[in-house]
Amino acid sequence: MSAAPELHPETRRPARFKAQAAEALASPRLKLALDRTAGNAEAKRGAAVAAFPGFEAARVRGAAIKDHTLRHLDHYLESFAARAEALGTKVHWARTADEACRITVEICRQAGARSATRSKSMLGEEIGLPHALAEAGIERVETDLAEHIVQLAGDPPSHIVWPAMHIAREQVAELFAEHHQTPQDPDDVPSMVESARRVLRGKFLGADVGISGANFLIAETGAVCTVTNEGNAELTTTPPRVHIVTAGIEKLVPTLAHAMTLLRLLARSATGAEITQYTTFHAGPKRPGDLDGPEEMHIVLVDNGRSKMLGEGLEEMLRCIRCGACMNHCVVYRQIGGHAYGGVYPGPMGAVLTPVLQGLKESRALPQACTLNGKCAEVCPVKIPLPTLLRGWRIRSWREGLEPTTVRAGIGLWAFVAKRPRLYRLGVKAALPVLRIFGRKGWIEKAPLLGAWTDQRDFPTPPRGGSFMAQYKAGRRS
Amino acid sequence: MSARADILSAVRRALKAPPAAPDLIVAEAAALLEDLDPARPPAPADPVEAFFAKIDDPAFAASIERIDGIRALPAALRSYMARHRLGFRLCLQPQEELRALSWAGFDLHHEAAPDEAVALAAGRRGISETGSVVLESGPDSRILNLFLPFHLVLAVRASTILGRLEDHAEASAGLPPRNAILMTGASGTSDIEGSYVRGAHGPRFLHVILIEDRPQGRLEEVRP
């Protein structure tokens, strides 16, 4: 296969999906890295689900909790905001990504911040916060180990739970050797983790502002829940004078007790654990007498297309708790990784969300990059019907005339033949012997008109005995 | 219009149905917590035993021991610190119940350094379902003391061990502390090729000391 074109990270776009997928498939190490991490996650999730007989009932309950909250989202937003303000948190509202960035940067400016530590938040990526902080001249320190690695590499995250899934340990060793300025041994992962611990420790304690996302917003108390396994969220939110939370409006849950069902689902679906190591509820700034904690706490509640999703048949997608199980189990993601999708969110959930965030015209290739095998919906902890939603985008893309003329003509021709059984059978009868000419040991490596298929994988040689219909008829007669 | 008003009205437009009465919403939310047992792990017969067994499991990223009463805590710390060759400089969370103990032979301080070796804190309660220790911020609890040390030792009273996550939610009703942390094992990461490494940013070692403070528990132990 010819070398794929080199694509700079910043030129990656949903519209260039095909070229990006080709690049990913040509990468010699990517598939290995994906299988190691996603394969591991898949196995651990499987074991965790097998050990929890209530998992299916919890999924039903989890979906119902999210649906209930979304059905009364205005009520819960207002009560959350009132509670949070009563705790001394300043609540900000942002209609768009730009507005959310402007608000966040302004809080940083007000605080006179030169550096900000960040605890991994996909919403922050969605609104383009890394870029906005850089433009404002504020040093951004990513503290999640994987985010630290992708920051050093100058890459965007390629997975919502393991952002550095695409980076092999040898590359991590090179990056750390250069940026930590100490020698690194790629076969000694614990020492590399130790190196990051040492370098980031100073950054945690010296930051002016700490920025986190939220896994859940508790309407009853006004508290913000973050979950991590590393402990970087608490080290991000405790020492600086100001803590800023950026959160999507769909993160609400009624009470702490409701959050528990979702926490059970989240950890098992993401890493196979029963709960994350650090499940922390942040309720306002430092109180009188408190020995540490931020003097100011701000929450930026971000809409950015979510209210539109609620009214346009995508409300089920707002259940998403960002566990990453759909991508770990996706046959497409497992081949191409996250960057090929060209958006912030990859995999099945990303293929549903990216058209909302970047428009269907830009991202129509993503809902098409799906085999509809249903695996994502089968593992989704909150029962999001991902294939149905993806099919919805396909239908809309067709109706809005976004499919290219060649696709429309091809499908038109196929429909014409498929609706005429005699013609269809005649065509199949004529094509089968021709296809068999190209078969070697049961597989076709190359054949005219089959390039789009055979470039990446072989096509099975049609068996002897004719088409399915021919064999079916023969079987019935015998 | 303000962003707040815009977002709320966009949400209301999207929801189509007229807003429900708050009482109805509360009732509907409460119904979602009823009959929860099929959707969660079974209640433990004995939460304290289950909590101990959970953390004692080799797959769990922490160790656990039991002591008979809080007065035995300094001796347990001494033996832990000797076992791990940590010296006897101890960062003690300035909680009254810990300060009241006799710490002769220890070099105590109350604010963890960035390279702190070992700290001791008392947990508010334990949860046997997950092996979590609940820690809260406050005038006697520095959050950084729980994250900077290399070794973190948590003391938990047996009488505070609850069964499941919802029991903790119920027990913590009312004004929440600024920070409430459910800490479950030592810090860890699997960010480099999925291989699990302990001590990413928080403590590399977590040791739980379960203090037997239930009268019937003690009685059982002294019975022949």
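Residues numbered from 1 in each chain as written. Chains lettered and ligands numbered in written order. Predicted model: local features only at pLDDT ≥ 70, side-chain atom pairs only at ≥ 80, totals over all residues. Heavy atoms only, no water.

> Explanation requested: the side chain of Thr 189 of chain B in the structure shown.
Structurally, Thr 189 of chain B is set in strand S10 (residues 188–189). Reaching out from Thr 189 of chain B, the side chain makes a polar contact with the side chain of Glu 230 of chain A at a distance of 2.9 Å. Within the local environment of Thr 189 of chain B, its side chain forms a polar contact with the backbone nitrogen of Asp 191 of chain B, the two atoms lying 3.1 Å apart. Non-local contacts of Thr 189 of chain B, meaning those with residues more than four positions away in its chain, are made with Leu 145, Val 193 and Glu 230 of chain A together with Ser 195, Tyr 196, Val 197 and Ala 200 of chain B. (Helix = DSSP H or I, 4+ residues; strand = E, 2+ residues; numbered from the N terminus. Polar contact = N/O pair within 3.5 Å; in protein donor to acceptor, adjacent residues only side chain to side chain. Contact = heavy atoms within 4.5 Å.)

> Explanation requested: the interface of chain A and chain B in the structure shown.
It is common to report an interface's size as the accessible area lost on association of the parts. Contacts between the two partners involve 94 residues from chain A and, on the opposite side, 82 residues from chain B. Taken over both partners, the interface formed by chain A and chain B buries close to 7100 Å², and the fraction arising from carbon and sulfur atoms is 59%. Along the contact surface separating chain A from chain B lie 14 salt bridges. Both strand S9 (residues 278–282) of chain A and strand S9 (residues 179–183) of chain B contribute to a ladder of five bridges, which runs antiparallel. Each bridged residue has a counterpart across the sheet, and for Phe 281 of chain A the counterpart in S9 of chain B is Ala 180 of chain B. (Buried area = accessible area lost by both parts, 1.4 Å probe. Salt bridge = Lys/Arg side-chain N within 4 Å of Asp/Glu carboxyl O. Pairing = 2+ DSSP bridges.)

> I'm lost on the domain arrangement of chain A in this one. Help?
Residue and element names in this part refer to chain A. Parsing chain A into structural domains produces domain 1 (9–42 + 324–399), domain 2 (52–307) and domain 3 (414–477). Computed from C-alpha coordinates alone, the two centres of domain 1 and domain 2 are separated by 23 Å. A combined buried area of about 2300 Å² lies between domain 1 and domain 2, and 62% of that area is made up of carbon and sulfur atoms. In terms of surface lost to domain 2, no three residues of domain 1 exceed His 339, Pro 381 and Lys 383, which account for 23% of the buried area on that side. Counting the contacts that link domain 1 with domain 2 gives two salt bridges. (Domains from an automatic or database assignment.)

> Help me understand the sheet that holds strand S10 (residues 296–302) of chain A in this model?
Read across the open sheet, the six strands follow the order S1-S10-S7-S4-S2-S3 (chain A); overall the sheet is parallel. For this open sheet the edge positions go to strand S1 (90–94) and strand S3 (139–142) of chain A, each flanked by a neighbour on one side alone. Strand after strand, the sheet turns through a mean of 20 degrees between neighbouring axes, direction not considered. With respect to the sheet, helix H5 (residues 97–110) of chain A is in contact with S1, strand S4 (209–212), strand S7 (242–248) and S10 of chain A, its orientation differing from that of S1 of chain A by roughly 145 degrees. Strand contacts of helix H1 (residues 3–15) of chain B: S1 and S10 of chain A, with the helix running at about 60 degrees to S1 of chain A, the strand carrying the most contacts. (Axes fitted to C-alpha atoms, helices over the stretch in contact; angles between N-to-C directions.)

> Just checking my understanding: could you explain the nonpolar core for this structure?
As a rule of thumb, nonpolar side chains are buried together in soluble globular proteins. The biggest cluster of nonpolar side chains holds 107 residues, and the ones touching the most others in it are Met 317 and Met 349 of chain A. Ranked by residue count, the leading element in this core is helix H12 (residues 256–270) of chain A, at nine residues. Inspection of this core shows a minimum of three residues originating in each of domain 1 (9–42 + 324–399) and domain 2 (52–307) of chain A. Ignoring anything within four residues of it in the chain, the contact list for Met 317 of chain A reads Met 309, Met 349, Val 352, Leu 353, Ile 384, Leu 386 and Leu 389 of chain A. Phe 52, Ala 119, Ala 121 and Leu 154 of chain B belong to the second-largest nonpolar core, a separate cluster that totals 34 residues. (Core = buried A, V, L, I, M, F, W, Y, C linked by side-chain atoms within 4.5 Å. Buried < 20%, exposed > 50% of the residue type's maximum accessible area, 1.4 Å probe, protein only.)

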